[in-house]
There are 2 protein chains.
Amino acid sequence: MRLVGPLQDRDAWAADACSAARTLDILATKASFLVVRELFYGTTRFDDFVRRVGTSAPTIARALSRLEDAGVIARTPYRTDGHRARDEYRLTEAGEELLPVIMALIQWGDAHLQPDGPPLRFHDVTTQQQVRVALVATPDTPQLESRQIQVAVHSPAGRANS
Amino acid sequence: MRLVGPLQDRDAWAADACSAARTLDILATKASFLVVRELFYGTTRFDDFVRRVGTSAPTIARALSRLEDAGVIARTPYRTDGHRARDEYRLTEAGEELLPVIMALIQWGDAHLQPDGPPLRFHDVTTQQQVRVALVATPDTPQLESRQIQVAVHSPAGRANS
DNA sequence: CCGTATCCACAACGATACTG
DNA sequence: CAGTATCGTTGTGGATACGG
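All values reported here derive from a predicted model rather than from experimental measurement.

Conventions adopted
- Residues numbered from 1 in each chain as written.
- Chains lettered and ligands numbered in written order.
- Predicted model: local features only at pLDDT ≥ 70, side-chain atom pairs only at ≥ 80, totals over all residues.
- Heavy atoms only, no water.
- Contact = heavy atoms within 4.5 Å.
- Buried area = accessible area lost by both parts, 1.4 Å probe.
- Salt bridge = Lys/Arg side-chain N within 4 Å of Asp/Glu carboxyl O.
- Polar contact = N/O pair within 3.5 Å; in protein donor to acceptor, adjacent residues only side chain to side chain.
- Helix = DSSP H or I, 4+ residues; strand = E, 2+ residues; numbered from the N terminus.
- Nonpolar A, V, L, I, M, F, W, Y, C, P; charged D, E, K, R; others polar.
- Pairing = 2+ DSSP bridges.
- Near = heavy atom within 4 Å.
- Axes fitted to C-alpha atoms, helices over the stretch in contact; angles between N-to-C directions.
- pLDDT = per-residue confidence, 0-100.
- Buried < 20%, exposed > 50% of the residue type's maximum accessible area, 1.4 Å probe, protein only.
- Domains from an automatic or database assignment.

Asks: What's the story with the interface of chain B and chain A in this structure? I'm lost.
Replies: Bring the parts together and some accessible area is lost; that lost area is often taken as the interface size. Taken residue by residue, the interface counts 78 residues in chain B and 78 residues in chain A. Both sides together, the interface formed by chain B and chain A hides about 7700 Å², and carbon and sulfur atoms give 63% of it. Summed over the three residues of chain B that lose the most area to chain A, namely Met 1, Trp 108 and Leu 135 of chain B, the buried surface amounts to 13% of that side. Run the count over chain B and chain A and you get two salt bridges. Close ionic contact of Asp 25 of chain A with Lys 30 of chain B constitutes a salt bridge, the shortest N to O distance being 2.8 Å. Here chain B and chain A share 41 residue pairs in polar contact (both at pLDDT 80 or more) between them. The dominant element in the side of chain B that touches chain A, judged by the number of residues it contributes, is helix α7 (residues 99–112) of chain B, at twelve residues. Tallied by class, the residues present in the side of chain B that touches chain A amount to 49 nonpolar, 14 polar and 15 charged. As paired strands, strand β5 (residues 132–136) of chain A and strand β5 (residues 132–136) of chain B are joined by five bridges and run antiparallel to one another. Counterpart to Val 133 of chain A in the pairing with β5 of chain B is Leu 135 of chain B.

Asks: What's the story with the protein's contact with DNA strand D in this structure? I'm lost.
Replies: Residues in close proximity to DNA strand D total 19 residues, the closest being Thr 55, Arg 62 and Arg 86 of chain A together with Tyr 78 and Arg 86 of chain B. Within 4 Å of the protein, atoms of DNA strand D come from sugar and phosphate in 68% of cases. The backbone of Ser 56 of chain A places a nitrogen or oxygen atom 3.2 Å from a phosphate oxygen of DNA strand D. Separating a phosphate oxygen of DNA strand D from a side-chain N or O atom of Tyr 89 of chain B is a distance of 3.3 Å. Among the elements that take part in the surface near DNA strand D, helix α5 (residues 57–69) of chain A stands out by supplying four residues, more than any other.

Asks: Just to check I follow, could you spell out the sheet that holds strand β4 (residues 120–124) of chain A for this structure?
Replies: Strands belonging to one sheet form pairs held by backbone hydrogen bonds; the direction of such a pair is parallel or antiparallel. Spatially, the three strands line up as an open sheet ordered β4(A)-β6(A)-β1(B), and their pairing is mixed. For this open sheet the edge positions go to β4 of chain A together with β1 (2–4) of chain B, each flanked by a neighbour on one side alone. For this sheet the average axis-to-axis angle between neighbouring strands, irrespective of direction, equals 30°. As judged from the three bridges shared by strand β6 (residues 149–153) of chain A and β1 of chain B, these two strands associate in the parallel manner.

Asks: So what exactly am I meant to see when it comes to the protein's contact with DNA strand C here?
Replies: Within the structure, DNA strand C sits among 20 residues, and Tyr 78 and Arg 86 of chain A together with Thr 55, Arg 66 and Arg 86 of chain B are positioned closest to it. Asp 87 of chain A places a polar main-chain atom, nitrogen or oxygen, 3.4 Å from a phosphate oxygen of DNA strand C. At 3.4 Å from a phosphate oxygen of DNA strand C is found a side-chain nitrogen or oxygen belonging to Tyr 89 of chain A. For the surface near DNA strand C, the secondary structure elements donating two or more residues are α4 (46–53), α5 and β3 (86–91) of chain A together with α5 (57–69) of chain B. Ranked by the residues each element gives to the surface near DNA strand C, the list is headed by α5 of chain B, at four residues. Residue composition of the surface near DNA strand C, by class: eight nonpolar, four polar and eight charged.

Asks: How do you make sense of the confidence of the model for chain A when you look at a structure like this?
Replies: Close reading of the predicted structure is inappropriate where its pLDDT is low. Of the residues in chain A, 85% reach a pLDDT of 70 or more, and the chain-wide mean stands at 87. pLDDT under 50 marks residues 158–162 of chain A. Its contacts with residues more than four places away, or in other chains, come to zero contacts.

Asks: Explain the pairing of strand β4 (residues 120–124) of chain B to me, please; I cannot follow it from the model alone.
Replies: On a regular strand, each side chain points to the face opposite its neighbour's, so the side chains alternate between the two faces of the sheet. Residues and elements named next belong to chain B. β4 sits mainly inside the fold: four of its five residues count as buried. Where β4 meets strand β6 (residues 149–153), five bridges bridge the pair, whose relative direction is antiparallel. From the neighbouring strand, Arg 121 faces β6, where its bridge partner is Ala 152.

Asks: Is there a simple way to think about the domain arrangement of chain A in this case?
Replies: Residues and elements named next belong to chain A. On domain assignment, one finds that chain A holds domain 1 (1–18 + 98–162) and domain 2 (28–95). Taken together, the contact pairs ten residues of domain 1 with eight residues of domain 2. Between domain 1 and domain 2 lies a buried interface of about 630 Å² when both sides are counted; carbon and sulfur atoms form 82% of it. Taken as a group, Leu 98, Leu 99 and Ile 102 account for 62% of the area that domain 1 buries against domain 2, more than any other trio of residues on that side. The tally of links between domain 1 and domain 2 comes to one residue pair in polar contact (both at pLDDT 80 or more). Of all the secondary-structure elements, those providing two or more residues to the side of domain 1 that touches domain 2 are α7 (99–112) and β4. Of the residues contributing to the side of domain 1 that touches domain 2, the split by class is nine nonpolar, one polar and no charged.

Structure representation (structure tokens):
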């Protein structure tokens, strides 16, 4: 990248105010990232997070409450039938906007850490074109939303579904 | 996102093989992310990392060696004049491809954690259009490279450069 | 089924001190 | 200037046990 303008204070803006640093304070741990990933995949229940993130219940509880504090997710009661109140977790609008972060991580991992190819495929639900994360400088480039994206397990070649 | 295909094994592909999880194993800590950010900003020297990431020397040393092990950065000697050999750190090609990850973090932080607006602005070096991270499903959308991006400190309104 | 509380192990961090 | 070594503290995570 090419730095322009007043750069004498180069050391100043790095540490405190950097937006990446602030975002990372929220998504502090690996578990937090993966909980957000699961939310995009539609997971809403505590127990499913535990199993699908592959971590312990306390870790999930910590991640969920931190994300809630940060306004990334909202905890809402479901099945309000009688005495047993249960919560489900959903992304807020702010949380939905984390999709590029997650997709960028997946895309890099697909390209560099998956010798056998990507385990998952992401396609536009209408055009069936492959979805990718791109850096663009065109204001008119449309932004895909999460519900327009289709996730499929990648089965190599035409594999008949038994 | 809409999950399609065989989903019985939903719990399986989440934990082990997920590309996001694997990427996060490399960028395990906040310091690792910020070191990568600094590399994009052109930082190459140990001491500059320490100051600009705002952390301690051992933390930087750890982050650098982990990133080197992962093939994200390469350590090359500079100023080979005589007895004093020093190293500089640069992104590998694989490392360069982490730019969408960093930009996505910055973009989210700009939108949600900066009440006074983004501290930095990113523009296409030729068109001067603003750069953003987008999810696209069009194969022909061009990908901006890091050297086509211009970084400027955001000074509100027209502030004369003294 | 949905979590929380407690405890222990380990990894990451900062402070400090030291080497070339 | 460019790191490494050590150490005490904190944060993160897993195991287990417990309560709604």
